[in-house]
There are 2 protein chains.
Amino acid sequence: MPSPHRSRADRRRATELRILNSARELFAEKGFDRTTIRAVATAAGVDPALVMQYFGSKRELFTQAVQAFPALPAATDTDALVDQLLATLDLKLGGLPEGTLVMLRSMLTDPAAADHVRETLDRQIDSVSAALPAAEDPELRAALVITTLLGVTIGHQFLGLAALRDVPADRIASLLRPAFKALTGPPD
Amino acid sequence: MPSPHRSRADRRRATELRILNSARELFAEKGFDRTTIRAVATAAGVDPALVMQYFGSKRELFTQAVQAFPALPAATDTDALVDQLLATLDLKLGGLPEGTLVMLRSMLTDPAAADHVRETLDRQIDSVSAALPAAEDPELRAALVITTLLGVTIGHQFLGLAALRDVPADRIASLLRPAFKALTGPPD
DNA sequence: CCATTCACTCAACACGTGTTGACCCAACCA
DNA sequence: TGGTTGGGTCAACACGTGTTGAGTGAATGG
């Protein structure tokens, strides 16, 4: 059922976007393997063949459905860095962008997704590490901070751990803050 | 190629075990969806139909391939608890039992695996929480400790983050210790 | 020694998948 | 108005999957 009176190019872009959105939603919810081209097509109200025609392959559709993680804001001061990292918790626990969910969901079972996540986290670690000039082993400390956030995110967003349900993000942040301070700079 | 002179019952148990071990290895490496009955059978040197005959279904084989996480040792003292938690890092970073790898690998894409992991972690959280009588929000604190360990494990074991490669477990433990102390009991 | 049990294999079914090529018809353009 | 483009559908192929039922032959036990 085509929407009324629109130019051919407009409709083309609209359905392509509809497909991409359905794909993101399904990939984020069920992962790469369990998301079928047919399911995406149905969700978008379109024939499976059209999905192929537009994106070439399921793998390519997956790639397009992923969007880069939001870059971490730079910080040179350690205290400010911790605050900024904790500020991202709101995002991580509430409305993580769907393109990010797509990556995280499949990272343990799809090597391509794992690569993408690894590269992204490595980059984030470098970025955090660069803001820890005073401490020793800055890269390792940064990695522990980032993986901690990853673990909390997984426990909350994907596993739905009881102890994390209905806990406001700033409560978690306030408990995590002293831990991150201990991690990023030792008490001397 | 039957191994020589053994009783029928012995050989039966032996091949059943061989199948189970192959299954564990493959499930741990590739996850539920990408592990095929045929691949398990081939790895065990056996016909696919035999796998079905012994385990009934792929799902049942998966269930059998999972073994319970090693229970957390109890501790009533906070400092001792932190030490014990960090002592598990050796295990988590080195030779995590394959049955555990199976669960973790599939937890993001297979709901049954997610259930199992959630239940296990909930139990661990309760256990840790019980050892934190003094602090407020003990359950939440426990959950943050456990999810931190989860995140570090994933970053190291499954993603292979560069910053965690070739870092001895006790180095990580020594950096994590002050963070866990800050998390389990506030500086008063 | 013979009948039976049973570990194990073979061949196939039913189904869902990604992917493809032929086709249709409304929008466009001269 | 008529020919062409191109968004979109239809039907099918080739393949891999979990699963099944009939069959085979050696170990068993009386």
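Here, every reference points to the structure presented above.
Residues numbered from 1 in each chain as written. Chains lettered and ligands numbered in written order. Predicted model: local features only at pLDDT ≥ 70, side-chain atom pairs only at ≥ 80, totals over all residues. Heavy atoms only, no water.

**Points about the pattern of salt bridges**
Here the structure, examined in full by the defined rule, presents 14 salt bridges over all chains. When the shortest N-O distance is used, the salt bridge between aspartate 137 of chain B and arginine 171 of chain A registers 2.7 Å. Residue aspartate 137 of chain B is located in the loop between helix H7 (111–130) and helix H8 (138–158), and its partner arginine 171 of chain A is located in helix H9 (residues 169–184); the two belong to separate chains. Between glutamate 16 of chain B and arginine 12 of chain B there is a salt bridge; the shortest N-O distance is 3.1 Å. In this pair, glutamate 16 of chain B and arginine 12 of chain B both sit in helix H1 (residues 8–34), 4 residues apart, roughly one turn of the helix. Of the residues examined, glutamate 16 of chain B reaches a relative accessible area of 26% and is grouped as partly exposed. Within the structure, one salt-bridge network assembled from shared partners comprises Asp33, Arg59 and Asp110 of chain A together with Arg34 of chain B. (Salt bridge = Lys/Arg side-chain N within 4 Å of Asp/Glu carboxyl O. Helix = DSSP H or I, 4+ residues; strand = E, 2+ residues; numbered from the N terminus. Buried < 20%, exposed > 50% of the residue type's maximum accessible area, 1.4 Å probe, protein only.)

**Points about the nonpolar core**
Formed by 128 residues in total, the largest nonpolar core has its most connected members in Leu61, Met107 and Ile154 of chain A together with Leu61, Met107 and Ile154 of chain B. Setting aside residues up to four positions removed in sequence, isoleucine 154 of chain B forms contacts with Met107, Leu108, Leu150 and Ile154 of chain A together with Met107 and Leu159 of chain B. (Core = buried A, V, L, I, M, F, W, Y, C linked by side-chain atoms within 4.5 Å. Contact = heavy atoms within 4.5 Å.)

**Observations concerning the interface of chain B and chain A**
Accessible area lost during the coming together of the parts is what is often quoted as the interface size. Contact residues are listed per partner, giving 49 residues for chain B and 49 residues for chain A. For the chain B and chain A pair, buried surface summed over both sides reaches about 4,000 Å², with 69% attributable to carbon and sulfur atoms. The largest per-residue losses of area from chain B upon contact with chain A belong to Arg34, Leu108 and Leu159 of chain B, which jointly make up 19% of the total buried on that side. Between chain B and chain A we count 6 salt bridges in total. Where chain B meets chain A, there are 12 residue pairs in polar contact (both at pLDDT 80 or more). Among the secondary structure elements, those contributing two or more residues to the side of chain B that touches chain A are H1, helix H6 (98–106), H7, H8 and helix H9 (169–184) of chain B. Counting residues per element, the side of chain B that touches chain A draws most heavily on H8 of chain B, at 13 residues. Grouping the constituent residues of the side of chain B that touches chain A by class yields 29 nonpolar, 7 polar and 13 charged. (Buried area = accessible area lost by both parts, 1.4 Å probe. Polar contact = N/O pair within 3.5 Å; in protein donor to acceptor, adjacent residues only side chain to side chain. Nonpolar A, V, L, I, M, F, W, Y, C, P; charged D, E, K, R; others polar.)

**What about the environment of alanine 112 of chain B?**
Residue and element names in this part refer to chain B. Here alanine 112 is to be found in helix H7. In this structure alanine 112 comes out as partly exposed when scored by relative accessible area, which is 39%. C-alpha separation for the pair alanine 112 and leucine 20, spaced 92 residues apart in sequence, amounts to 19 Å.

**Points about the relation of the copies chain B and chain A**
Mapping between the two copies of the chain is achieved by a rotation about an axis and a shift along the axis. Relative to chain A, chain B is turned by 180° and slid 0.0 Å along the rotation axis, the superposed coordinates differing by an RMSD of 0.0 Å. Put plainly, the chains are arranged around a two-fold axis. The share of interface residues of chain B whose copies in chain A are also at the interface is 100%, consistent with both copies meeting through the same surface. (Least-squares fit on C-alpha atoms with pLDDT ≥ 70 in both.)

**Things to note about the protein's contact with DNA strand C**
Inspection of the region around DNA strand C gives 20 residues, with Thr36 and Arg38 of chain A together with Arg8, Thr15 and Tyr54 of chain B positioned closest. Backbone atoms, meaning sugar and phosphate, make up 52% of the atoms of DNA strand C lying within 4 Å of the protein. Note that a phosphate oxygen of DNA strand C is positioned 3.1 Å from one of the backbone N or O atoms of isoleucine 37 of chain A. Arginine 12 of chain B has a polar side-chain atom sitting 3.2 Å from a phosphate oxygen of DNA strand C. Going through the elements one at a time, helix H2 (37–44) and helix H3 (48–55) of chain A together with H1 and helix H3 (48–55) of chain B are the ones with two or more residues in the surface near DNA strand C. Taken together, the residues of the surface near DNA strand C sort by class into 7 nonpolar, 6 polar and 7 charged. (Near = heavy atom within 4 Å.)

**So, the protein's contact with DNA strand D**
The immediate surroundings of DNA strand D are formed by 20 residues, with Arg8, Thr15 and Tyr54 of chain A together with Thr36 and Lys58 of chain B found nearest. Counting only the atoms of DNA strand D within 4 Å of the protein, the fraction contributed by sugar and phosphate is 53%. For DNA strand D, a base oxygen lies 2.8 Å from a polar atom in the side chain of arginine 8 of chain A. Here a phosphate oxygen of DNA strand D and a backbone polar atom of aspartate 47 of chain A are 2.8 Å apart. Contributing elements (two or more residues each) for the surface near DNA strand D: helix H1 (8–34) and H3 of chain A together with helix H2 (37–44) and H3 of chain B. Its residues assigned to classes, the surface near DNA strand D shows 7 nonpolar, 6 polar and 7 charged.

**Overview of the packing of H1 of chain B against H2 of chain B**
Residues and elements named next belong to chain B. Where H1 contacts H2, the axes come no closer than 8 Å and their chain directions differ by 125°. What the angle tells us is that H1 and H2 run oblique. Crossing angle aside, the handedness with which H1 passes H2 is right-handed. Here Arg18, Ile19, Ser22, Ala23 and Leu26 of H1 lie close against H2, whose contacting residues are Ala39, Val40, Ala43 and Ala44. Split by residue class, the contact of H1 with H2 holds 7 nonpolar, 1 polar and 1 charged. (Axes fitted to C-alpha atoms, helices over the stretch in contact; angles between N-to-C directions. Parallel < 35°, antiparallel > 145°, perpendicular 65-115°, else oblique. Left-handed = near helix turned anticlockwise from the far one by under 90°.)

**Here we look at helix H8 (residues 138–158) of chain A**
Residue and element names in this part refer to chain A. Between its first and last C-alpha atoms H8 spans 29 Å; for 21 residues at 1.5 Å apiece the expected length is 30 Å, and the two agree. Burial runs high along H8: 18 of the 21 residues are buried. Looking at the residues trailing H8, positive phi occurs at glycine 160, about 65°. (Expected span 1.5 Å × (residues − 1).)

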